Amino acid sequence: MRSTTPRAALRRAAGGFAAAGLLAAGSLALTAPARAAAPEFTLGGPAGTALHPYPATGTPQKASLDFTVNNPSQDEENGTFEGEYTVRFDLSGIKGVADVAFDKEGSADCTVTGASAVCHDWGIFPGLSTLAELDVTAAKGSEDGDTGAIEVTAEADGATFTSFTARIGIGGPDLSMERLPFRTELKTGDTQPVPVTFTNNGTRAADGVLLTLRYTRGMEFTERYRNCEYSESDGGMGSPGAWTTALCSFDGGYEPGVAYTLAEPPAIRATKRAFYDSFLYRIEEDGSAARAAQRAGAEYSPGKGATLALRKAPAALTADLDPSDNQQEADFRTANTADFAAYGDRAKGGAGDSVEVKVGFRNRGPAWIGYIRSGEDVATVDVTVPEGASVVAKPESCRGVTAAGEYRENQTAAPRYFCSTPMSVREDADFALPFELKITKVVEGASGRVVVRNPFLQDPKLRFDPEPANNTASLVLNAKDSGTGDSGATTGDGDTGSGGASSTGTTTGSTGSSGSTGGSGDSGATSGSGSTGSSSSGSTGGDSGGGLAATGSVALMTGAAAAAALVAGGVLYTVSRRRAAR
């Protein structure tokens, strides 16, 4: 529960300001509106938790349990339940099995009395929010195999709640993954074995295990196995197929105190696309809950190769009761390059006309580039507007700067734009950026520049790109010649392909959406992952054109301004609660 946090106080105050404003305006309705159906919320948490047995010496190892409430409303602005509610925890079912304590920061308004706990809070926002956080340990005198349950219910005026049961057990399997000694500096085509090895450090056998293998686009296994299912996703990196996930099932019992390894280790290979890549390998007890968590709603298809099998390892590993050891990761750096080739466009029009142009770059490979750990933008497209024109619509990923590349408050009609890529760019990507320009003055052959560069303005070189000559292209308006297909690109290797067909000077509507990947009039480059559907902060670090951090001081506010600021605080609080619940 978080009702005593500053943001909770802000939310309540905001409600008070809003009510005061209604009274002052005399806008109270004389007749009550029709009553809406009572909202229904769902309580949740970990369905089952296994605790380490009470130790002969020392303190028991605790597990943290997060209990949640789900508001199914999709309306971020109006879907909040604004009212007090009470949550009750019945702890009688775990008496003699487990002891609990409420985390003070995550459960500020909870009171424990005997075998029950009562918590109070205000407001339930759309989506998943944390109700309370419990620290649970095995009770003194409990034995391996003991079980119990915590029953959770809630109540509020004008709302109903679906109850939840959290089951607690003493002992169980505890699978720990061994870290593998991979070679991490590679060349394309390098192959190495993956002898996955794990041990059960728990008190009981695991009834089947689920092995998760997750790797980025530059790596691949030399075979897809019959008892594994596979899926591809962007994994939040902005590139379709950035990650491949394999879920491999193994039946049977896996005994405590025994190590297991793959009978025939699979081989992982650095493909011709490899550059910066990552590989995750995880082991857990098989079951519907584990599969659902790893699938995360993605579609999987089965492999058609041989069956991957496990056998007992020659010796047991050192015992490790840390459950975080279920998973290990490795990062690979492959000696490879990627050629980012800029393209421009050209258009014609008269004074007052609006024209559409499309600029950007194509990755000619062979490598895909993904900054997996840092999450930094791969590159920046630096666009200088031709003389006699101004930008009236731009992609969301682009921000206006001064001609020197410095911060500019006014984003309208800037002379220059910095456009950010995602944290990954596929080997076949076409990163196309549509702009709408208004011709304010006809200047024959007016030329701007399109440069794909490092996000750091002071260090513009793309270190992975062996062909810097084609990182620059031209954006030309009202060229002296009458060509319509030539983009005016100065790519250094004869590439003059335009991202889109030349405009004819007709007035157009706004195209201020993010850059799409498939440019019309494209020479055939595969679209891939060039699109960036959300805004980005663009250049970072020492870039003088970088976005400025929000600054300012806390000031006293009155009236409507105070109410607006308080409501904004409530929105920030909503985001933090929902992120915490995840």
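None of these values were measured; they are calculated from a predicted model. (Residues numbered from 1 in each chain as written. Predicted model: local features only at pLDDT ≥ 70, side-chain atom pairs only at ≥ 80, totals over all residues. Heavy atoms only, no water.)

Undergrad: Sorry, what's going on with the sheet that holds strand S25 (residues 327–335) here?
TA: Within a sheet, neighbouring strands are paired by backbone hydrogen bonds and run either parallel or antiparallel to one another. Taken together, seven strands build an open sheet; the order of strands is S13-S25-S22-S16-S19-S18-S23 and the sheet is mixed. Because the sheet does not close on itself, it has two edges, and the strands there are strand S13 (185–187) and strand S23 (301–302). In terms of strand pairing, strand S16 (residues 206–216) meets strand S22 (residues 276–285) through seven bridges, oriented antiparallel. Bridge pairing in S22 links Arg 214 to Leu 280. (Pairing = 2+ DSSP bridges. Helix = DSSP H or I, 4+ residues; strand = E, 2+ residues; numbered from the N terminus.)

Undergrad: I would appreciate a short explanation of the sheet that holds strand S32 (residues 398–401) in the present structure.
TA: In spatial order, the strands read S27-S37-S36-S30-S33-S32; together these six strands make up an open sheet with mixed pairing. Taken across any chain shown, the strands that pair with only one partner, and hence form the sheet edges, are strand S27 (345–347) and S32. Recorded for the sheet is a direction-independent mean angle of 20 degrees between the axes of neighbouring strands. (Axes fitted to C-alpha atoms, helices over the stretch in contact; angles between N-to-C directions.)

Undergrad: Could you clarify how one ought to interpret the state of the cysteines in this entry?
TA: A disulfide bridge is the covalent bond that connects two cysteines by way of their sulfur atoms. Counted by the stated rule, this structure contains three disulfides. Two residues share a disulfide in this structure: Cys 110 and Cys 119, whose sulfurs sit 2.1 Å from each other. With the S-S bond torsion at 115 degrees, the cross-link from Cys 110 to Cys 119 turns out right-handed. Judged by relative accessible area, which is 17%, Cys 110 ranks as buried. The partner cysteine of Cys 398 in its disulfide is Cys 419, sulfur to sulfur 2.0 Å. Every disulfide takes its handedness from the sign of the S-S torsion; for Cys 398 and Cys 419 that torsion is 110 degrees, giving right-handed. (Disulfide = S-S within 2.5 Å. Buried < 20%, exposed > 50% of the residue type's maximum accessible area, 1.4 Å probe, protein only.)

Undergrad: I'm lost on the pairing of strand S7 (residues 116–124) in this one. Help?
TA: Where strand S4 (residues 81–90) lies against S7, eight bridges are found, and the strand directions are antiparallel. Directly across from Glu 84, in S7, lies its bridge partner Trp 122. The antiparallel pairing of strand S6 (residues 110–113) with S7 creates a hairpin that spans two residues between the two strands, and Gly 114 there sits at a positive phi of about 65 degrees.

Undergrad: So what exactly am I meant to see when it comes to the confidence of the model for the protein chain here?
TA: Reading fine detail from the predicted coordinates is not recommended where pLDDT is low. Averaged over all residues, the pLDDT of the protein chain is 79; the fraction at 70 or higher stands at 73%. Within the protein chain, strand S26 (residues 338–343) carries the highest mean pLDDT (98), whereas helix H3 (residues 559–581) carries the lowest (36). Ignoring residues within four places in sequence, the model shows residues 1–32, a span with pLDDT below 50, making 56 contacts including any to other chains. Here residues 482–582 is modelled with pLDDT under 50, and outside its nearest four sequence neighbours on either side it reaches 241 contacts, counting other chains as well. (pLDDT = per-residue confidence, 0-100. Contact = heavy atoms within 4.5 Å.)

Undergrad: Honestly, the packing of aromatic side chains in this entry has me stumped. Any pointers?
TA: Within a pair of aromatic rings, the relevant descriptors are the distance that separates the centres and the angle that separates the planes. Evaluation of the coordinates by the stated rule reveals 22 aromatic pairs. Between Phe 67 and Phe 164 the ring centres are 6.3 Å apart and the planes differ by 70 degrees, which places this aromatic pair in the edge-to-face class. Separated by 97 residues along the polypeptide, Phe 67 in strand S3 (residues 63–71) and Phe 164 in strand S11 (residues 164–170) bring together distant segments of the chain. What makes Phe 67 buried here is its relative accessible area of 0%. Consider the rings of Phe 198 and Tyr 254, whose centres lie 6.2 Å apart with planes at 55 degrees: the pair is tilted. Of this pair, Phe 198 sits in strand S15 (residues 197–200) while Tyr 254 is found in strand S19 (residues 243–254), placing the two residues 56 residues apart along the sequence. The pair formed by Phe 198 and Tyr 254 is uniform in burial state, with each residue classed as buried. (Phe/Tyr/Trp six-rings, centres within 6.5 Å; stacked < 30°, edge-to-face > 60°.)

Undergrad: For this particular structure, what's the right way to read the nonpolar core?
TA: Generally speaking, soluble globular proteins have nonpolar side chains that are buried together. In this structure, Phe 340, Ile 369, Phe 435 and Phe 464 are the most contacted members of the largest nonpolar core, which totals 37 residues. Of all elements in the fold, only S26, strand S28 (354–366), strand S30 (380–384), strand S31 (389–393), strand S33 (416–420), strand S35 (430–439), strand S36 (446–453) and strand S37 (472–477) reach the threshold of two or more residues within this core. Take this core: its biggest share by element is five residues, from S35. (Core = buried A, V, L, I, M, F, W, Y, C linked by side-chain atoms within 4.5 Å.)

Undergrad: Can you walk me through the environment of Gly 127 in this structure?
TA: The topology assignment puts Gly 127 in strand S8 (residues 127–138). Residues Gly 127 and Phe 41 lie 86 residues apart in sequence; the distance between their C-alpha atoms is 10.0 Å.

Undergrad: What exactly am I supposed to notice about the pattern of salt bridges here?
TA: Close approach of charged atoms lets side chains of opposite charge pair. Evaluation of the coordinates by the stated rule reveals 15 salt bridges. The salt bridge partner of Lys 312 is Glu 255, with a shortest N-O separation of 3.8 Å. Of this pair, Lys 312 sits in strand S24 (residues 310–312) while Glu 255 is found in the loop between S19 and strand S20 (259–262), placing the two residues 57 residues apart along the sequence. What makes Lys 312 partly exposed here is its relative accessible area of 48%. Judged by its relative accessible area of 39%, Glu 255 falls in the partly exposed class. Here Asp 428 makes a salt bridge to Arg 426, at a shortest N to O gap of 2.8 Å. (Salt bridge = Lys/Arg side-chain N within 4 Å of Asp/Glu carboxyl O.)

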